[in-house]
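Chains, contacts and geometry: an overview
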Protein chains: 2
Amino acid sequence: MRYELYYWSEIQGRGEFIRLALEEAGADYIDVARKRGDGVIDQLIERKGEKHPPFAAPILKAGKRVIAQTANILLWLGPRLGLAPKNEAERLWVHQLQLTITDLVVEIHDTHHPVTSWLYFEEQIPSAKRRTKDFWRYRVPKFLGYFEKVLTRSGGPWLTGRRLTYADLSLFQIVEGLRYGFPKRMKRFEKKIPKVIALRDRVAKRPRIAAYLASERRIPFSQWGIWRYYKPLDG
Amino acid sequence: MRYELYYWSEIQGRGEFIRLALEEAGADYIDVARKRGDGVIDQLIERKGEKHPPFAAPILKAGKRVIAQTANILLWLGPRLGLAPKNEAERLWVHQLQLTITDLVVEIHDTHHPVTSWLYFEEQIPSAKRRTKDFWRYRVPKFLGYFEKVLTRSGGPWLTGRRLTYADLSLFQIVEGLRYGFPKRMKRFEKKIPKVIALRDRVAKRPRIAAYLASERRIPFSQWGIWRYYKPLDG
(Lines give C-alpha, C1' and ligand atoms only; values in the text may rest on other atoms or scores of the structure.)
Protein backbone atom coordinates (compact mmCIF):
# COMPACT_ATOMS: atom_id res chain seq x y z
CA MET A 1 0.00 0.00 0.00
CA ARG A 2 1.14 3.54 -0.76
CA TYR A 3 0.66 5.77 2.28
CA GLU A 4 0.02 9.48 1.94
CA LEU A 5 1.32 11.72 4.71
CA TYR A 6 -0.19 15.20 4.98
CA TYR A 7 2.03 17.49 7.01
CA TRP A 8 3.58 20.96 6.68
CA SER A 9 6.27 20.89 4.03
CA GLU A 10 8.84 23.10 5.73
CA ILE A 11 9.07 21.78 9.27
CA GLN A 12 9.84 18.51 10.99
CA GLY A 13 7.22 19.18 13.65
CA ARG A 14 4.90 16.38 14.70
CA GLY A 15 5.00 14.91 11.21
CA GLU A 16 8.57 13.81 11.80
CA PHE A 17 7.48 11.06 14.19
CA ILE A 18 5.49 9.55 11.32
CA ARG A 19 8.21 10.14 8.72
CA LEU A 20 10.77 8.31 10.87
CA ALA A 21 8.51 5.26 11.16
CA LEU A 22 7.76 5.18 7.43
CA GLU A 23 11.46 5.58 6.61
CA GLU A 24 12.68 2.90 9.03
CA ALA A 25 10.19 0.46 7.52
CA GLY A 26 11.16 1.37 3.95
CA ALA A 27 7.45 2.03 3.34
CA ASP A 28 6.07 3.32 0.06
CA TYR A 29 4.82 6.81 0.94
CA ILE A 30 4.33 10.31 -0.41
CA ASP A 31 4.94 13.39 1.68
CA VAL A 32 2.03 15.06 -0.09
CA ALA A 33 2.44 18.72 0.90
CA ARG A 34 6.14 18.64 -0.03
CA LYS A 35 5.07 17.64 -3.51
CA ARG A 36 1.94 19.70 -4.03
CA GLY A 37 2.11 22.52 -1.48
CA ASP A 38 0.69 23.03 2.00
CA GLY A 39 -2.75 23.89 0.59
CA VAL A 40 -3.54 20.18 0.31
CA ILE A 41 -3.68 19.94 4.10
CA ASP A 42 -6.61 22.32 4.52
CA GLN A 43 -8.29 20.79 1.48
CA LEU A 44 -8.20 17.41 3.20
CA ILE A 45 -9.37 18.84 6.53
CA GLU A 46 -12.27 20.69 4.86
CA ARG A 47 -13.22 17.91 2.46
CA LYS A 48 -17.00 17.62 2.24
CA GLY A 49 -18.54 14.35 3.21
CA GLU A 50 -15.49 13.01 5.06
CA LYS A 51 -16.89 10.84 7.83
CA HIS A 52 -13.81 11.18 10.03
CA PRO A 53 -12.74 14.80 9.55
CA PRO A 54 -9.30 15.48 11.06
CA PHE A 55 -8.76 18.33 13.48
CA ALA A 56 -5.21 19.09 12.35
CA ALA A 57 -2.11 17.69 10.63
CA PRO A 58 -0.36 15.26 10.67
CA ILE A 59 -2.90 13.19 8.75
CA LEU A 60 -2.33 9.82 7.12
CA LYS A 61 -4.31 8.65 4.13
CA ALA A 62 -4.21 4.92 3.52
CA GLY A 63 -6.63 3.95 0.77
CA LYS A 64 -9.94 5.37 1.91
CA ARG A 65 -8.87 5.75 5.51
CA VAL A 66 -8.09 9.17 6.90
CA ILE A 67 -6.37 9.05 10.29
CA ALA A 68 -5.15 11.95 12.42
CA GLN A 69 -3.39 12.57 15.74
CA THR A 70 0.29 11.55 15.69
CA ALA A 71 0.07 8.83 18.33
CA ASN A 72 -3.11 7.43 16.79
CA ILE A 73 -1.49 7.24 13.35
CA LEU A 74 1.44 5.35 14.85
CA LEU A 75 -0.91 3.04 16.75
CA TRP A 76 -2.47 2.07 13.43
CA LEU A 77 0.72 2.09 11.34
CA GLY A 78 2.99 0.36 13.87
CA PRO A 79 1.82 -3.23 13.32
CA ARG A 80 1.60 -2.68 9.54
CA LEU A 81 5.20 -1.46 9.41
CA GLY A 82 6.57 -4.15 11.75
CA LEU A 83 7.28 -1.48 14.37
CA ALA A 84 4.91 -2.61 17.12
CA PRO A 85 4.60 -5.77 19.21
CA LYS A 86 2.09 -8.46 18.19
CA ASN A 87 0.59 -8.82 21.64
CA GLU A 88 -2.27 -6.42 22.48
CA ALA A 89 -1.04 -5.53 25.98
CA GLU A 90 2.44 -4.72 24.67
CA ARG A 91 0.99 -2.73 21.81
CA LEU A 92 -0.99 -0.55 24.21
CA TRP A 93 2.16 -0.14 26.30
CA VAL A 94 4.07 1.24 23.31
CA HIS A 95 1.14 3.56 22.62
CA GLN A 96 1.23 4.70 26.25
CA LEU A 97 4.93 5.56 25.87
CA GLN A 98 4.12 7.46 22.67
CA LEU A 99 1.42 9.46 24.48
CA THR A 100 3.98 10.44 27.11
CA ILE A 101 6.26 11.62 24.30
CA THR A 102 3.27 13.58 22.94
CA ASP A 103 2.93 15.34 26.31
CA LEU A 104 6.63 16.16 26.33
CA VAL A 105 6.41 17.65 22.82
CA VAL A 106 3.81 20.20 23.98
CA GLU A 107 6.06 21.20 26.87
CA ILE A 108 9.06 21.58 24.55
CA HIS A 109 7.08 23.88 22.26
CA ASP A 110 5.85 25.94 25.19
CA THR A 111 9.38 26.79 26.37
CA HIS A 112 9.68 29.34 23.58
CA HIS A 113 6.02 30.37 23.39
CA PRO A 114 4.61 30.02 26.91
CA VAL A 115 2.21 32.96 26.89
CA THR A 116 0.63 32.51 23.48
CA SER A 117 1.47 31.44 19.93
CA TRP A 118 0.01 34.74 18.72
CA LEU A 119 2.96 36.74 20.01
CA TYR A 120 6.51 36.52 18.69
CA PHE A 121 9.18 34.96 20.86
CA GLU A 122 10.72 38.43 21.20
CA GLU A 123 7.52 39.65 22.84
CA GLN A 124 7.60 37.03 25.59
CA ILE A 125 11.29 36.54 26.45
CA PRO A 126 11.04 36.90 30.26
CA SER A 127 8.20 34.36 30.42
CA ALA A 128 10.04 32.03 28.05
CA LYS A 129 13.14 32.19 30.23
CA ARG A 130 11.18 31.40 33.35
CA ARG A 131 9.33 28.53 31.67
CA THR A 132 12.56 27.13 30.26
CA LYS A 133 14.25 27.25 33.67
CA ASP A 134 11.46 25.15 35.23
CA PHE A 135 11.35 22.89 32.18
CA TRP A 136 15.01 21.96 32.60
CA ARG A 137 14.88 21.85 36.38
CA TYR A 138 11.76 19.73 36.78
CA ARG A 139 10.29 18.47 33.55
CA VAL A 140 13.25 17.22 31.52
CA PRO A 141 14.59 15.20 34.48
CA LYS A 142 11.11 13.77 35.06
CA PHE A 143 10.42 12.85 31.43
CA LEU A 144 13.87 11.68 30.33
CA GLY A 145 14.50 10.09 33.72
CA TYR A 146 11.30 8.15 33.13
CA PHE A 147 12.48 6.83 29.75
CA GLU A 148 15.83 5.93 31.34
CA LYS A 149 13.88 3.89 33.92
CA VAL A 150 11.79 2.22 31.22
CA LEU A 151 15.02 1.19 29.43
CA THR A 152 16.36 -0.23 32.70
CA ARG A 153 13.19 -2.24 33.29
CA SER A 154 13.05 -3.52 29.71
CA GLY A 155 16.67 -4.67 29.79
CA GLY A 156 17.27 -2.66 26.60
CA PRO A 157 18.47 -1.83 24.11
CA TRP A 158 14.96 -0.66 23.15
CA LEU A 159 12.07 0.65 25.24
CA THR A 160 10.26 -2.68 25.07
CA GLY A 161 13.38 -4.86 25.12
CA ARG A 162 14.92 -6.55 22.16
CA ARG A 163 12.73 -5.26 19.35
CA LEU A 164 12.64 -1.76 17.91
CA THR A 165 9.28 0.02 17.93
CA TYR A 166 8.10 3.38 16.65
CA ALA A 167 8.39 4.78 20.19
CA ASP A 168 12.17 4.29 20.02
CA LEU A 169 12.29 6.33 16.82
CA SER A 170 10.25 9.05 18.52
CA LEU A 171 12.58 9.11 21.52
CA PHE A 172 15.51 9.50 19.09
CA GLN A 173 13.73 12.54 17.65
CA ILE A 174 13.22 14.02 21.13
CA VAL A 175 16.98 13.82 21.79
CA GLU A 176 17.80 15.34 18.40
CA GLY A 177 15.35 18.17 18.95
CA LEU A 178 16.59 18.97 22.46
CA ARG A 179 20.17 18.99 21.17
CA TYR A 180 19.15 21.47 18.48
CA GLY A 181 17.09 23.74 20.73
CA PHE A 182 19.26 23.66 23.84
CA PRO A 183 22.77 22.54 22.85
CA LYS A 184 24.50 23.64 26.06
CA ARG A 185 21.83 22.51 28.48
CA MET A 186 21.42 19.17 26.74
CA LYS A 187 25.17 18.55 26.70
CA ARG A 188 25.28 18.93 30.48
CA PHE A 189 22.18 16.80 30.99
CA GLU A 190 23.02 13.83 28.79
CA LYS A 191 25.33 12.14 31.26
CA LYS A 192 22.31 11.50 33.47
CA ILE A 193 20.56 9.44 30.80
CA PRO A 194 23.18 7.11 29.29
CA LYS A 195 20.64 4.50 28.17
CA VAL A 196 18.51 7.06 26.33
CA ILE A 197 21.61 8.40 24.58
CA ALA A 198 22.74 4.88 23.64
CA LEU A 199 19.28 4.30 22.14
CA ARG A 200 19.61 7.54 20.17
CA ASP A 201 23.00 6.42 18.80
CA ARG A 202 21.65 3.02 17.87
CA VAL A 203 18.72 4.55 15.97
CA ALA A 204 21.03 6.98 14.11
CA LYS A 205 23.10 4.05 12.84
CA ARG A 206 20.24 2.03 11.41
CA PRO A 207 20.88 1.95 7.66
CA ARG A 208 17.51 3.31 6.53
CA ILE A 209 17.47 6.03 9.19
CA ALA A 210 21.07 7.03 8.41
CA ALA A 211 20.19 7.25 4.70
CA TYR A 212 17.09 9.28 5.50
CA LEU A 213 18.92 11.72 7.77
CA ALA A 214 21.52 12.30 5.03
CA SER A 215 18.87 12.81 2.35
CA GLU A 216 16.88 15.84 1.26
CA ARG A 217 13.77 14.15 2.59
CA ARG A 218 14.90 15.10 6.11
CA ILE A 219 13.84 18.73 6.51
CA PRO A 220 16.49 20.67 8.48
CA PHE A 221 15.71 22.00 11.95
CA SER A 222 14.73 25.67 11.75
CA GLN A 223 13.16 28.52 13.72
CA TRP A 224 9.62 27.30 13.07
CA GLY A 225 7.41 24.79 14.74
CA ILE A 226 8.24 22.83 17.88
CA TRP A 227 12.03 22.72 17.66
CA ARG A 228 13.73 26.12 17.77
CA TYR A 229 17.00 27.52 18.99
CA TYR A 230 16.91 30.78 20.94
CA LYS A 231 20.19 31.69 22.55
CA PRO A 232 18.61 33.37 25.64
CA LEU A 233 16.93 30.08 26.53
CA ASP A 234 20.06 27.95 26.43
CA GLY A 235 21.33 29.59 29.65
CA MET B 1 -13.87 -7.56 37.05
CA ARG B 2 -13.27 -4.93 39.72
CA TYR B 3 -11.34 -2.00 38.30
CA GLU B 4 -9.04 0.10 40.45
CA LEU B 5 -8.66 3.75 39.50
CA TYR B 6 -5.65 5.60 40.88
CA TYR B 7 -6.14 9.36 40.71
CA TRP B 8 -5.86 12.35 43.06
CA SER B 9 -8.61 12.21 45.64
CA GLU B 10 -9.50 15.89 45.77
CA ILE B 11 -9.81 16.95 42.14
CA GLN B 12 -11.81 15.93 39.10
CA GLY B 13 -8.82 16.53 36.81
CA ARG B 14 -8.01 14.00 34.13
CA GLY B 15 -9.32 11.18 36.29
CA GLU B 16 -12.85 12.45 35.76
CA PHE B 17 -12.87 11.28 32.14
CA ILE B 18 -12.32 7.75 33.45
CA ARG B 19 -14.77 8.10 36.33
CA LEU B 20 -17.54 9.18 33.97
CA ALA B 21 -17.02 6.11 31.78
CA LEU B 22 -16.98 3.73 34.74
CA GLU B 23 -20.10 5.37 36.20
CA GLU B 24 -22.08 5.34 32.94
CA ALA B 25 -21.33 1.65 32.55
CA GLY B 26 -22.25 0.86 36.15
CA ALA B 27 -18.83 -0.79 36.46
CA ASP B 28 -17.53 -2.28 39.66
CA TYR B 29 -14.61 0.01 40.59
CA ILE B 30 -12.71 1.52 43.48
CA ASP B 31 -11.43 5.07 43.46
CA VAL B 32 -8.39 3.91 45.39
CA ALA B 33 -6.84 7.21 46.54
CA ARG B 34 -10.20 8.44 47.83
CA LYS B 35 -10.29 5.36 50.05
CA ARG B 36 -6.67 5.02 51.08
CA GLY B 37 -5.06 8.43 50.47
CA ASP B 38 -3.07 9.95 47.64
CA GLY B 39 0.11 8.16 48.75
CA VAL B 40 -1.06 5.03 46.92
CA ILE B 41 -0.48 6.78 43.58
CA ASP B 42 3.26 7.25 44.05
CA GLN B 43 3.50 3.78 45.54
CA LEU B 44 2.08 2.36 42.34
CA ILE B 45 4.27 4.54 40.13
CA GLU B 46 7.42 3.55 42.06
CA ARG B 47 6.52 -0.11 42.46
CA LYS B 48 9.60 -2.26 41.94
CA GLY B 49 9.51 -4.78 39.17
CA GLU B 50 6.51 -3.26 37.38
CA LYS B 51 7.09 -3.99 33.70
CA HIS B 52 4.92 -1.11 32.50
CA PRO B 53 5.67 1.70 34.95
CA PRO B 54 3.25 4.61 34.56
CA PHE B 55 4.53 8.15 34.12
CA ALA B 56 1.67 9.79 36.02
CA ALA B 57 -1.95 9.41 37.18
CA PRO B 58 -4.62 8.55 36.14
CA ILE B 59 -3.72 4.90 36.26
CA LEU B 60 -6.08 1.95 35.93
CA LYS B 61 -5.38 -1.40 37.52
CA ALA B 62 -7.35 -4.29 36.09
CA GLY B 63 -6.17 -7.60 37.49
CA LYS B 64 -2.43 -7.58 36.81
CA ARG B 65 -2.64 -4.91 34.14
CA VAL B 66 -1.46 -1.41 34.91
CA ILE B 67 -2.49 1.12 32.26
CA ALA B 68 -1.81 4.86 32.20
CA GLN B 69 -2.54 7.89 30.02
CA THR B 70 -6.20 8.93 30.07
CA ALA B 71 -6.94 8.30 26.39
CA ASN B 72 -5.10 4.99 26.47
CA ILE B 73 -7.10 3.83 29.49
CA LEU B 74 -10.33 4.71 27.68
CA LEU B 75 -9.12 2.97 24.51
CA TRP B 76 -8.74 -0.21 26.55
CA LEU B 77 -11.80 0.24 28.78
CA GLY B 78 -14.21 1.45 26.08
CA PRO B 79 -15.02 -1.90 24.48
CA ARG B 80 -15.12 -3.62 27.89
CA LEU B 81 -17.68 -1.11 29.19
CA GLY B 82 -19.79 -1.09 26.02
CA LEU B 83 -18.74 2.50 25.36
CA ALA B 84 -16.82 2.01 22.11
CA PRO B 85 -17.78 0.76 18.65
CA LYS B 86 -17.08 -2.86 17.69
CA ASN B 87 -15.42 -2.03 14.39
CA GLU B 88 -11.66 -1.29 14.54
CA ALA B 89 -11.76 1.77 12.26
CA GLU B 90 -14.58 3.32 14.30
CA ARG B 91 -12.81 2.50 17.52
CA LEU B 92 -9.68 4.35 16.36
CA TRP B 93 -11.88 7.26 15.31
CA VAL B 94 -13.32 7.57 18.83
CA HIS B 95 -9.78 7.41 20.19
CA GLN B 96 -8.76 10.16 17.76
CA LEU B 97 -11.58 12.34 19.10
CA GLN B 98 -10.45 11.59 22.64
CA LEU B 99 -6.88 12.65 21.78
CA THR B 100 -8.23 15.95 20.48
CA ILE B 101 -10.05 16.41 23.80
CA THR B 102 -6.71 15.62 25.52
CA ASP B 103 -5.07 18.47 23.58
CA LEU B 104 -7.86 20.82 24.55
CA VAL B 105 -7.49 19.92 28.24
CA VAL B 106 -3.83 21.05 28.21
CA GLU B 107 -4.86 24.36 26.68
CA ILE B 108 -7.60 24.84 29.26
CA HIS B 109 -5.13 24.30 32.09
CA ASP B 110 -2.63 26.70 30.54
CA THR B 111 -5.09 29.60 30.52
CA HIS B 112 -4.54 30.08 34.25
CA HIS B 113 -0.90 28.93 34.39
CA PRO B 114 0.67 29.86 31.05
CA VAL B 115 4.15 30.74 32.27
CA THR B 116 4.78 27.86 34.64
CA SER B 117 3.02 25.65 37.16
CA TRP B 118 5.70 26.62 39.70
CA LEU B 119 4.29 30.12 40.10
CA TYR B 120 0.93 31.00 41.63
CA PHE B 121 -1.79 32.34 39.40
CA GLU B 122 -1.40 35.69 41.16
CA GLU B 123 2.20 35.86 39.94
CA GLN B 124 1.26 35.52 36.27
CA ILE B 125 -2.02 37.39 35.87
CA PRO B 126 -1.07 39.54 32.82
CA SER B 127 0.17 36.47 30.93
CA ALA B 128 -2.90 34.48 31.97
CA LYS B 129 -5.16 37.24 30.70
CA ARG B 130 -3.39 37.37 27.35
CA ARG B 131 -3.42 33.59 26.99
CA THR B 132 -7.09 33.43 27.92
CA LYS B 133 -7.98 36.11 25.38
CA ASP B 134 -6.38 34.12 22.55
CA PHE B 135 -7.82 30.89 23.90
CA TRP B 136 -11.37 32.24 23.62
CA ARG B 137 -10.74 34.09 20.36
CA TYR B 138 -9.01 31.30 18.44
CA ARG B 139 -8.83 28.01 20.26
CA VAL B 140 -12.30 27.51 21.76
CA PRO B 141 -13.99 28.30 18.41
CA LYS B 142 -11.59 25.92 16.65
CA PHE B 143 -11.98 23.03 19.10
CA LEU B 144 -15.69 23.30 19.93
CA GLY B 145 -16.50 24.27 16.33
CA TYR B 146 -14.75 21.06 15.34
CA PHE B 147 -16.91 18.94 17.65
CA GLU B 148 -20.00 20.74 16.35
CA LYS B 149 -18.92 19.74 12.82
CA VAL B 150 -18.33 16.14 13.89
CA LEU B 151 -21.87 16.04 15.34
CA THR B 152 -23.24 17.41 12.05
CA ARG B 153 -21.38 14.78 10.03
CA SER B 154 -22.40 11.93 12.33
CA GLY B 155 -26.06 12.94 12.19
CA GLY B 156 -26.10 12.95 16.00
CA PRO B 157 -27.11 12.79 18.70
CA TRP B 158 -23.65 11.40 19.61
CA LEU B 159 -20.22 12.02 18.11
CA THR B 160 -20.30 8.74 16.23
CA GLY B 161 -24.03 8.76 15.51
CA ARG B 162 -26.63 6.74 17.31
CA ARG B 163 -24.52 5.12 20.03
CA LEU B 164 -22.98 6.76 23.04
CA THR B 165 -19.20 6.38 23.46
CA TYR B 166 -16.75 7.49 26.13
CA ALA B 167 -15.79 10.48 23.94
CA ASP B 168 -19.32 11.86 24.40
CA LEU B 169 -18.91 11.66 28.17
CA SER B 170 -15.59 13.49 27.88
CA LEU B 171 -17.13 16.23 25.76
CA PHE B 172 -19.82 16.63 28.43
CA GLN B 173 -17.04 17.15 30.98
CA ILE B 174 -15.37 19.77 28.76
CA VAL B 175 -18.61 21.78 28.66
CA GLU B 176 -19.09 21.45 32.43
CA GLY B 177 -15.51 22.55 33.08
CA LEU B 178 -15.69 25.56 30.76
CA ARG B 179 -18.95 26.62 32.39
CA TYR B 180 -17.27 26.45 35.79
CA GLY B 181 -14.06 28.22 34.78
CA PHE B 182 -15.51 30.86 32.48
CA PRO B 183 -19.24 31.25 33.23
CA LYS B 184 -19.71 34.55 31.37
CA ARG B 185 -17.60 33.75 28.37
CA MET B 186 -19.12 30.30 28.00
CA LYS B 187 -22.66 31.63 28.27
CA ARG B 188 -22.01 33.96 25.32
CA PHE B 189 -20.27 31.24 23.31
CA GLU B 190 -22.78 28.41 23.74
CA LYS B 191 -25.22 29.64 21.12
CA LYS B 192 -22.59 28.88 18.48
CA ILE B 193 -22.48 25.20 19.36
CA PRO B 194 -26.08 24.04 19.79
CA LYS B 195 -25.32 20.39 18.97
CA VAL B 196 -22.52 20.20 21.54
CA ILE B 197 -24.82 21.70 24.17
CA ALA B 198 -27.62 19.28 23.27
CA LEU B 199 -25.14 16.43 23.70
CA ARG B 200 -24.16 17.83 27.11
CA ASP B 201 -27.82 17.94 28.17
CA ARG B 202 -28.45 14.42 26.95
CA VAL B 203 -25.47 13.08 28.92
CA ALA B 204 -26.58 14.91 32.08
CA LYS B 205 -29.96 13.18 31.91
CA ARG B 206 -28.67 9.62 31.63
CA PRO B 207 -29.82 7.90 34.81
CA ARG B 208 -26.42 6.65 35.97
CA ILE B 209 -24.69 9.93 35.16
CA ALA B 210 -27.42 11.95 36.88
CA ALA B 211 -27.11 9.72 39.97
CA TYR B 212 -23.34 10.06 39.91
CA LEU B 213 -23.41 13.86 39.60
CA ALA B 214 -25.78 14.07 42.57
CA SER B 215 -23.64 11.74 44.68
CA GLU B 216 -20.60 12.32 46.87
CA ARG B 217 -18.54 10.34 44.41
CA ARG B 218 -18.53 13.42 42.14
CA ILE B 219 -15.81 15.66 43.57
CA PRO B 220 -16.87 19.33 43.33
CA PHE B 221 -15.04 21.71 41.03
CA SER B 222 -12.44 23.72 42.96
CA GLN B 223 -9.42 25.98 42.58
CA TRP B 224 -7.04 23.07 41.97
CA GLY B 225 -6.10 21.11 38.90
CA ILE B 226 -7.30 21.81 35.38
CA TRP B 227 -10.64 23.47 36.07
CA ARG B 228 -10.46 26.71 38.01
CA TYR B 229 -12.41 29.91 38.22
CA TYR B 230 -10.49 33.17 38.28
CA LYS B 231 -12.61 36.24 37.89
CA PRO B 232 -10.00 38.29 35.96
CA LEU B 233 -9.99 35.64 33.24
CA ASP B 234 -13.74 35.61 32.66
CA GLY B 235 -13.55 39.04 30.97
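Owing to the predicted nature of the structure, the values given are computational and were not obtained by experimental measurement.

Turning our attention to the packing of aromatic side chains. Residues and elements named next belong to chain A. All chains considered together, the criterion is met by 24 aromatic pairs over all chains. Ring centres 4.8 Å apart and planes at 10° place the aromatic pair Tyr180 and Phe221 in the stacked group. In this pair, Tyr180 is assigned in helix α7 (residues 166–181) and Phe221 in the segment after α10 (207–214), connecting sequence segments 41 residues apart. You can call Tyr180 partly exposed: its relative accessible area is 25%.

Glancing now at the relation of the copies chain B and chain A. Here the two chain copies are tied together by a rotation about an axis and a shift along that axis. Between the two copies, chain B and chain A, the superposition gives an RMSD of 0.0 Å; the rotation angle is 180° and the shift along the axis is 0.0 Å. Expressed as an axis order, the relation between the two copies is that of a two-fold axis. When the interface residues of chain B are mapped onto chain A, 100% of them are again interface residues, pointing to one common binding face.

What follows covers the packing of helix α4 (residues 70–80) of chain A against helix α5 (residues 88–112) of chain B. Contact geometry for α4(A) and α5(B): axes closest at 9 Å, N-to-C directions at 145°. Together, Asn72(A), Leu75(A), Trp76(A) and Arg80(A) of α4(A) and Glu88(B), Leu92(B), His95(B), Gln96(B) and Leu99(B) of α5(B) make up the contact between the two elements.

Turning to the interface of chain B and chain A, a few remarks are in order. Facing 50 residues of chain B, the contacting portion of chain A comprises 50 residues. Contact with chain A buries surface across chain B, with Phe55(B), Trp118(B) and Arg153(B) losing the most and accounting together for 17% of the total. Scanning the region where chain B abuts chain A turns up six salt bridges. At the boundary of chain B with chain A, the tally comes to 29 residue pairs in polar contact (both at pLDDT 80 or more). Elements with a contribution of two residues or more to the side of chain B that touches chain A: α3 (39–46), β4 (65–68), α4 (70–81), α5 and α6 (125–154) of chain B. Per-class residue counts for the side of chain B that touches chain A are 22 nonpolar, 10 polar and 18 charged.

Residue and element names in this part refer to chain A. Assigned domains of chain A: these are domain 1 (3–80) and domain 2 (88–206). Here the C-alpha centroids of domain 1 and domain 2 sit 22 Å apart. Every contact between the two is made by 13 residues of domain 1 and, on the other side, 16 residues of domain 2. Summed over both partners, the interface of domain 1 with domain 2 comes to about 1,200 Å²; 73% of that surface belongs to carbon and sulfur atoms. The largest share of the area that domain 1 buries against domain 2 comes from Phe17, Leu20 and Glu24, three residues that together contribute 40% of it. Taken together, the connections running from domain 1 to domain 2 amount to one salt bridge. Taking the shortest distance from any N to any O, the salt bridge between Arg206 and Glu24 comes out at 2.9 Å. Counting every contact that joins domain 1 to domain 2 gives two residue pairs in polar contact (both at pLDDT 80 or more). Secondary structure elements with two or more residues in the side of domain 1 that touches domain 2: α1 (15–24) and α4. Among the elements that line the side of domain 1 that touches domain 2, the one with the most residues is α4, at six residues. In terms of residue class, the side of domain 1 that touches domain 2 is made up of seven nonpolar, three polar and three charged.

Reading guide: rules and limits
- Residues numbered from 1 in each chain as written.
- Chains lettered and ligands numbered in written order.
- Predicted model: local features only at pLDDT ≥ 70, side-chain atom pairs only at ≥ 80, totals over all residues.
- Heavy atoms only, no water.
- Phe/Tyr/Trp six-rings, centres within 6.5 Å; stacked < 30°, edge-to-face > 60°.
- Helix = DSSP H or I, 4+ residues; strand = E, 2+ residues; numbered from the N terminus.
- Buried < 20%, exposed > 50% of the residue type's maximum accessible area, 1.4 Å probe, protein only.
- Least-squares fit on C-alpha atoms with pLDDT ≥ 70 in both.
- Contact = heavy atoms within 4.5 Å.
- Axes fitted to C-alpha atoms, helices over the stretch in contact; angles between N-to-C directions.
- Buried area = accessible area lost by both parts, 1.4 Å probe.
- Salt bridge = Lys/Arg side-chain N within 4 Å of Asp/Glu carboxyl O.
- Polar contact = N/O pair within 3.5 Å; in protein donor to acceptor, adjacent residues only side chain to side chain.
- Nonpolar A, V, L, I, M, F, W, Y, C, P; charged D, E, K, R; others polar.
- Domains from an automatic or database assignment.

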